[in-house]
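# Commentary on secondary and tertiary structure
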Amino acid sequence: MYKIAVIGDRDSVYGFSALGMDTYFVKPEEEPAKLFKKLCQSDSYSIIYITEALAAVIEDEIEKYADQKTPAVILIPGTTGNTGQGMAAVKTSVEKAVGSDIFND
Amino acid sequence: MAATQVNPTRMELSRLKKKLNTATRGHKLLKDKRDELMRRFLELVKENKLLREKVENDIKKANSNFVLAKASMSQETLNASLLAPKQEIYVDVSEKNVMSVDIPVFDYTTRTPDSNDIYSYGFAFTSSDLDDAVKSLADLLPDLIKLAEIEKSCQLMAAEIEKTRRRVNALEHVMIPDTREQIRYITRKLDENERSTQTRLMKVKDMMLKEAHGY
């Protein structure tokens, strides 16, 4: 049985702990890559939600887990607002598969 | 002329013919695979987009609810109320095979079946805004899990499509034409050998006739 992790700044993610997810508070300058790596390698999480603001800092790390079945790394908007990065990730996979972004609207 | 030199022998010719056959069949199969993968992918990615829009909106709403909750409570009470969650969530991962891509299927179970267990605090010292905020997040949960499943599937399928497309192109533009060229080369060479043997025999026959009959 796997669990779900949520990574982000405190205000954005503390609510998720009520649902029974494991929340990790980290600021962009506090080595989020290290924490992210640890969570991925612990192999106890199948889904890791991460705020867009934080994901922007550790893009390379996230990329490494893109072609593995678990964990699924999903970007969510934080309290600082929606940067559109999560949607951009969807577009990237379309571009990868089709060759160009065909949902350009 | 093909890039690699081949021995112009019958053995080699039949080997290459077999290879061409396999390559053509493989090419057809891979092309079919690519087309079907693409169809499924496009369906999935459309769903992914819609779901993501919805989830992002809902999270935004939930976040503003939490801000409201935070405004009407002290920071300490807020922290304490969510410090020890009652509910726990477990995800069961199974696989679904779509055109040889293993995509994950997430099924989640909660530790207790009681949906009210998301409220891990007494109601005496917390504001009702917090209840609303937690509720709005809990309502979002099925969609969040579904989003994770679909988005991961999209990523995996995109990678597989890219790989398959490369293979199809390599077969179509390199492997098959090269093999054809090599087969043509061997056929020509063998024909040429045939003809040279033929003429040599005719020549020898002429010489023998001349020797025997003197004409």
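Now for a description of the structure that goes with this document.

The rules behind these values
- Residues numbered from 1 in each chain as written.
- Chains lettered and ligands numbered in written order.
- Predicted model: local features only at pLDDT ≥ 70, side-chain atom pairs only at ≥ 80, totals over all residues.
- Helix = DSSP H or I, 4+ residues; strand = E, 2+ residues; numbered from the N terminus.
- Rg over C-alpha atoms; globule rule 2.2 N^0.38 Å.
- Buried ≥ 20, exposed ≤ 12 C-beta atoms within 10 Å, placed from the backbone.
- Contact = placed C-beta atoms within 7 Å.
- Nonpolar A, V, L, I, M, F, W, Y, C, P; charged D, E, K, R; others polar.
- Pairing = 2+ DSSP bridges.
- Axes fitted to C-alpha atoms, helices over the stretch in contact; angles between N-to-C directions.
- Parallel < 35°, antiparallel > 145°, perpendicular 65-115°, else oblique.
- Left-handed = near helix turned anticlockwise from the far one by under 90°.
- Expected span 1.5 Å × (residues − 1).
- Arc of directions from axis to C-beta.
- Core = buried A, V, L, I, M, F, W, Y, C linked by C-beta atoms within 7 Å.

Secondary structure summary: chain A contains 5 helices and 4 strands in total. Going residue by residue from the N terminus, the α and β elements of chain A occur as β-α-β-α-β-α-α-β-α. Taken against the 2.2 N^0.38 rule, which gives 13 Å for 105 residues, the C-alpha radius of gyration of chain A at 14 Å falls within 12% of a compact globule. For chain A, the proportion of its 105 residues judged to be buried stands at 42%.

Time to look at the overall build of chain B. Along chain B, the regular secondary structure elements total 3 helices and 2 strands. Referenced to the eigenvectors of the C-alpha coordinate spread, the extents of chain B come out at roughly 130 × 25 × 25 Å. Taken over 215 residues, chain B has a buried fraction of 27%. Considering only contacts within chain B whose residues lie at least 6 apart along the sequence, 84% involve residues at least 24 apart.

Attention now moves to the interface of chain A and chain B. Many descriptions give the size of an interface as the accessible area lost when the pieces come together. Opposite the 33 residues of chain A that make contact, chain B presents 45 residues. Broken down by secondary-structure element, the contributors of at least two residues to the side of chain A that touches chain B are β1 (3-8), β3 (45-51), β4 (72-76) and α5 (85-98) of chain A. Considering every element that reaches the side of chain A that touches chain B, the biggest residue donor is α5(A), with 7 residues. Of the residues in the side of chain A that touches chain B, the class split is 19 nonpolar, 10 polar and 4 charged.

With that out of the way, let us pick up unusual backbone geometry. One non-glycine residue, Glu31(A), lies in the positive phi region at around 50 degrees. Within the secondary structure, Glu31(A) is located in the loop between β2 (22-25) and α2 (32-42).

Picture the strands of a sheet paired through backbone hydrogen bonds; they go either parallel or antiparallel. Strand order in the open sheet formed by 4 strands is β2-β1-β3-β4 (chain A), and the pairing between neighbours is parallel. Two strands in the sheet have a free side with no partner beyond their single neighbour: β2 and β4 of chain A. Along the sheet, successive strands turn relative to each other by an average axial angle of 20 degrees, direction set aside. Seen against the sheet, helix α3 (residues 128-213) of chain B touches β3 and β4 of chain A and runs at an angle of roughly 115 degrees to β4(A).

Looking now at the packing of α5(A) against α3(B). Packing of α5(A) against α3(B) leaves a shortest axis separation of 8 Å and a crossing angle of 25 degrees. For the element pair α5(A) / α3(B), the angle class is roughly parallel. Crossing of α5(A) against α3(B): the hand is left-handed. Here Val90(A), Ser93(A), Lys96(A) and Ala97(A) of α5(A) lie close against α3(B), whose contacting residues are Glu151(B), Cys154(B), Gln155(B), Met157(B), Ala158(B), Ile161(B) and Glu162(B). Taken together, the residues that form the contact of α5(A) with α3(B) break down as 6 nonpolar, 2 polar and 3 charged.

Running from amino to carboxyl end, α5(A) crosses helix α1 (residues 10-71) of chain B at an angle of 175 degrees, the nearest separation of the two axes being 10 Å. If you check the angle between α5(A) and α1(B), you find them roughly antiparallel. Counting all contacts with α5(A), which are made through Gly86(A), Met87(A), Val90(A), Ser93(A), Val94(A) and Ala97(A), the residues of α1(B) involved are Met38(B), Phe41(B), Val45(B), Asn48(B), Lys49(B), Arg52(B) and Glu56(B). The residue inventory of the contact of α5(A) with α1(B), partitioned by class, reads 7 nonpolar, 3 polar and 3 charged.

What follows covers α5(A). Taking 1.5 Å per residue, 14 residues should reach 20 Å; α5(A) reaches 20 Å between its end C-alpha atoms and fits that length. Residues of α5(A) that are buried: Gly86(A), Ala89(A), Val90(A), Ser93(A), Val94(A) and Ala97(A). The arc that holds the buried residues of α5(A), viewed along the axis, is 140 degrees, so those residues lie on one side. Contacts from the buried residues of α5(A) go to α3 (52-55) and β4 of chain A together with α1 and α3 of chain B. Gly99(A) occupies a position one or two residues after α5(A) and carries a positive phi of about 110 degrees.

With respect to the helices, strands and loops of the structure, Gly20(A) is situated in the loop between α1 (10-13) and β2. For the pair Gly20(A) and Ile4(A), spaced 16 residues apart in the sequence, the C-alpha separation amounts to 8.3 Å. If we ignore the near neighbours within four places in the chain, the residues touching Gly20(A) are Pro85(B), Gln87(B), Glu88(B), Ile89(B), Thr110(B) and Arg111(B).

Take the environment of Ser12(A) next. Turning to its location among the elements, Ser12(A) is positioned in helix α1. The exposure class assigned to Ser12(A) is buried, which follows from the 26 C-beta atoms found within 10 Å. With 64 residues separating them along the chain, Ser12(A) and Ile76(A) place their C-alpha atoms 9.5 Å apart. Apart from the residues lying within four places of it in its own chain, the contact partners of Ser12(A) are Thr51(A), Gly78(A), Thr79(A) and Asn63(B).

So, on to the nonpolar core. Membership of the largest hydrophobic core comes to 65 residues, with the highest contact counts inside it found for Ile47(A), Ile74(A), Leu137(B) and Met157(B). Ranked by the residues each element gives to this core, the list is headed by α3(B), at 16 residues. Among residues more than four places away in sequence, those in contact with Met157(B) are Ala97(A), Leu37(B), Arg40(B), Phe41(B), Leu44(B), Val101(B) and Ile103(B).

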